Amino acid sequence: MPEDMPAESLTTCLQTGTSGSRFPYVVALGLVVLLVGVRMWTGAGFGFQDQFGPAGRPTVASGFLKNPDDNLSYAAWAEQARNGRVVFEDLFTTMPHPRVFVNLYFLLVGNVSRVLNVPVTAVLILFGICGAALTVILAFRVALLLGFPETAARWGTIFAAFSSGFSGLMILINKVAGTGLPAVAADLDYQDALLLSTFFAYPYHSVALAGMALLIAALLSRERSNEQERGLGTLLVVPILALILSWTRPHEIAMLAGTYGLYVLLLMGSRDSAWTRSLKLLVIIGCAALPALVYYHSLERLDVWVYIAQLSGDHPRERWFWLIGYGAALPFAILGSVLCFRNAQWSRGRWFALWIGLLVVFLVVLPIRQTKICDGGHFPMTILAGLGFSCLLERVSRVPGTWARWLCRVGTASCCVLFFITVPFLLSEYSAHRFPSELKQVAADVGRLSGRGEWPPTVLCNTEAGKILPAIRGVRVFAGHWALTPEFDLKQEDLVAAGVEPAESNGIHPRFEAFSRLLTVNRFDYVLLKRQVPAMQFVPHIPPLQLVHDYGTYRLYQMKTVPISKK
């Protein structure tokens, strides 16, 4: 975009856009309709846990469509905020550890949930839908702020909202040709890698993407402003957004700041006013985000938190996994990157070109194990893909000869189809996650009995209930999450040996001694058992366990402070 173009404030850009187009709002509305439609079709709902539905249902919809374990863990952080906490602890383990985790977004969700008297899952999901719509709207605005043509911005917006990878194509090839080519890649198996799957699977990540997109828009808007402009928006928006994003989800801000730093280095040769403004913005982002990044990194040295850091961030994948997963967006984004370096009018897009280049190096060339650092990279990829695809369309329109032009149009249409070929397969992956409705009553009774005493109470239960109870009432459990429960597999074996978890064909036989040892070593306030588990026959030999309620499938016992007898 020419340097002498009048600068616009971020607020004006968000309200009207450079061209005043309503196109991104139409696309965002279409995405919201799709998100809402899938939730209604599958019966997943919106996280209200059947609060407004008829009573007596055997199961309750949590509201999540994919990966309920992680989504419920996010709800568990927010549930602590609902209960009045500002600094959080890991509720999925009984191992002693400090309460040190801070997250501004979960703090907001928990307090909104308490004020509105709705489940935290409902706030998470509704915010996630809003975040998805805002991300798509900002994709259009960012493309225009980069100086791209409106046609490129439109295609980038469509790709951001609805595109996926090549997994669907590979599945079709395998079915038709009978081949065994790698098929299930990042677009189906790594739900937070691409925007569309993130919008469906991870409401928390969707809000983080919206925050990242808003920060990018603020940065680009501030770049275009003159030095004389000292309005409150231009001075404070960037650091405030960087601060909020860094204390909400540090992966996106780390990659954003790193790639923007490379962009500033690229501009260093010019030493003009644009470079000076970009350097100042980089310093502002760094100062705002560095405290959170240092703080989160320091948590990795503490007990319990070191397990979370190691497991939650370590997701190594093969090169083909990313090449197939990103699909047509990646080659067209590379084409858009080349165009940004060849055309001075699109020079601001070189920041995103560097971002895509670094993403390719991390995921394809090396590839690294800590792939979470690349989350959010699909946003600049779709915008650059929009530029590359629009330029292809423009070239096709100038091909001489009717037949040649039609052949090129067919080829271009085929390329366009490849952006969306996996979407039907992706939608078929989603289904409503449900949990036993008795657990809602269990959570309510535990909260009622615990009152204003020491919080959170600790519950011994199987891993099925261990996933749910922290998320819907904020209680502590012995085991419930593969990453947030240190040595989760060993804890599961302990539950099987104690007769709390249903026995499997793993050679472990339930014993009273194992059950008694669990109660002795860990300070449990309550014990929740299914009626048919072996531990039920051990309960009469533990006088401190007193029955609170029989729910039918589950029985809740309260642990009284008297010595445990020997069988």
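Predicted model only: the values in this text are computed from it and were never measured.

Parameters at a glance
Residues numbered from 1 in each chain as written. Predicted model: local features only at pLDDT ≥ 70, side-chain atom pairs only at ≥ 80, totals over all residues. Heavy atoms only, no water. Buried < 20%, exposed > 50% of the residue type's maximum accessible area, 1.4 Å probe, protein only. Helix = DSSP H or I, 4+ residues; strand = E, 2+ residues; numbered from the N terminus. Pairing = 2+ DSSP bridges. pLDDT = per-residue confidence, 0-100. Contact = heavy atoms within 4.5 Å. Expected span 1.5 Å × (residues − 1). Core = buried A, V, L, I, M, F, W, Y, C linked by side-chain atoms within 4.5 Å. Axes fitted to C-alpha atoms, helices over the stretch in contact; angles between N-to-C directions. Parallel < 35°, antiparallel > 145°, perpendicular 65-115°, else oblique. Nonpolar A, V, L, I, M, F, W, Y, C, P; charged D, E, K, R; others polar. Phe/Tyr/Trp six-rings, centres within 6.5 Å; stacked < 30°, edge-to-face > 60°.

A. Main features of the pairing of strand 5 (residues 526-530). The element strand 5 is extensively covered by neighbouring structure, given that four of its five residues are classed as buried. Sheet topology places strand 3 (residues 458-460) next to strand 5; two bridges connect them, and they run parallel. Across the sheet, Val459 pairs through a bridge with Tyr526, a residue of strand 5. Pairing of strand 5 with strand 7 (residues 554-559) involves five bridges; the strand directions are antiparallel.

B. How the structure looks around the confidence of the model for the protein. Averaged over all residues, the pLDDT of the protein equals 90, while 92% of them reach at least 70. Here helix 1 (residues 10-16) is the element of the protein with the lowest mean pLDDT, 45, and helix 9 (residues 195-201) is the one with the highest, 98. Segment residues 1-19: pLDDT under 50, and 37 contacts once partners within four positions in sequence are set aside and those in other chains are kept.

C. Up close: helix 23 (residues 488-497). Every buried residue of helix 23 is listed here: Phe488, Lys491, Leu495, Val496 and Ala497. Taken together, the buried residues of helix 23 touch strand 3, helix 22 (463-472) and helix 24 (512-521). Following helix 23 by one or two positions, Gly499 adopts a phi angle in the positive range, close to 80°.

D. Up close: helix 3 (residues 68-82). For helix 3, which comprises 15 residues, the first-to-last C-alpha distance of 20 Å matches the rise-based estimate of 21 Å (1.5 Å per residue) to within 8%. Among the 15 residues that make up helix 3, 12 are buried, leaving the element largely enclosed by the rest of the structure. Of the residues making up helix 3, those classed as buried are Asp70, Asn71, Leu72, Ser73, Tyr74, Ala75, Ala76, Trp77, Ala78, Glu79, Gln80 and Ala81. Where the residues of helix 3 are buried, they touch helix 4 (104-116), helix 5 (120-145), helix 9, helix 10 (203-224), helix 14 (305-313) and helix 22. Of the residues flanking the end of helix 3, it is Gly84, one or two places downstream, whose phi is positive at about 100°.

E. Structural detail: the nonpolar core. With 152 residues, the main nonpolar core has Phe148, Ile216, Trp351, Leu469 and Leu528 as its most contacted residues. Among the elements that take part in this core, helix 5 stands out by supplying 16 residues, more than any other. Those residues within four positions of Ile216 in sequence are excluded, and the remaining contacts are Val142, Leu256, Trp351, Phe352, Trp355 and Phe379. Counting residues in hydrophobic clusters, the runner-up holds 25 residues, among them Phe488, Leu495, Ala514 and Phe515.

F. Quick look at the pairing of strand 6 (residues 545-550). Inspection of the sheet shows strand 6 paired to strand 7 by five bridges, in the antiparallel sense. Each bridged residue has a counterpart across the sheet, and for Leu547 the counterpart in strand 7 is Tyr557. Here strand 6 folds back onto strand 7, and the loop between the two strands holds three residues, one of which, Gly552, carries a positive phi near 115°.

G. Molecular detail of the packing of helix 10 against helix 17 (residues 350-365). Direction vectors running N to C along helix 10 and helix 17 enclose 140°, while the axes themselves pass 13 Å from each other. Between helix 10 and helix 17, the angle falls in the class oblique. Two secondary-structure elements touch here, helix 10 through Met212, Ile216, Leu219 and Leu220 and helix 17 through Trp351, Phe352 and Trp355. When its residues are assigned to classes, the contact of helix 10 with helix 17 shows seven nonpolar, no polar and no charged.

H. How the structure looks around the packing of aromatic side chains. Going through the model one piece at a time under the given rule, you end up with 39 aromatic pairs. Between the aromatic rings of Phe148 and Trp346, the centroid separation amounts to 6.5 Å while the plane-to-plane angle is 85°, which identifies the pairing as edge-to-face. Of this pair, Phe148 sits in the loop between helix 5 and helix 6 (150-162) while Trp346 sits in the loop between helix 16 (329-342) and helix 17, placing them 198 residues apart in sequence. Accessibility expressed as a relative area gives 4% for Phe148, which makes it buried. Relative accessible area serves as the criterion here: at 9%, Trp346 is assigned to the buried category. Taking the centre distance of 5.9 Å and the plane angle of 80° together, the rings of Phe389 and Phe419 count as edge-to-face. With Phe389 in helix 18 (residues 378-397) and Phe419 in helix 19 (residues 402-420), the pair connects residues that are 30 residues apart, well separated along the chain. Taking the relative accessible area as the measure of exposure, Phe389 reaches 1% and is therefore buried. Taken together, the aromatic side chains of Trp77, Phe88, Phe101, Trp247, Tyr295, Tyr296 and Trp305 make up a single cluster linked through ring pairs.

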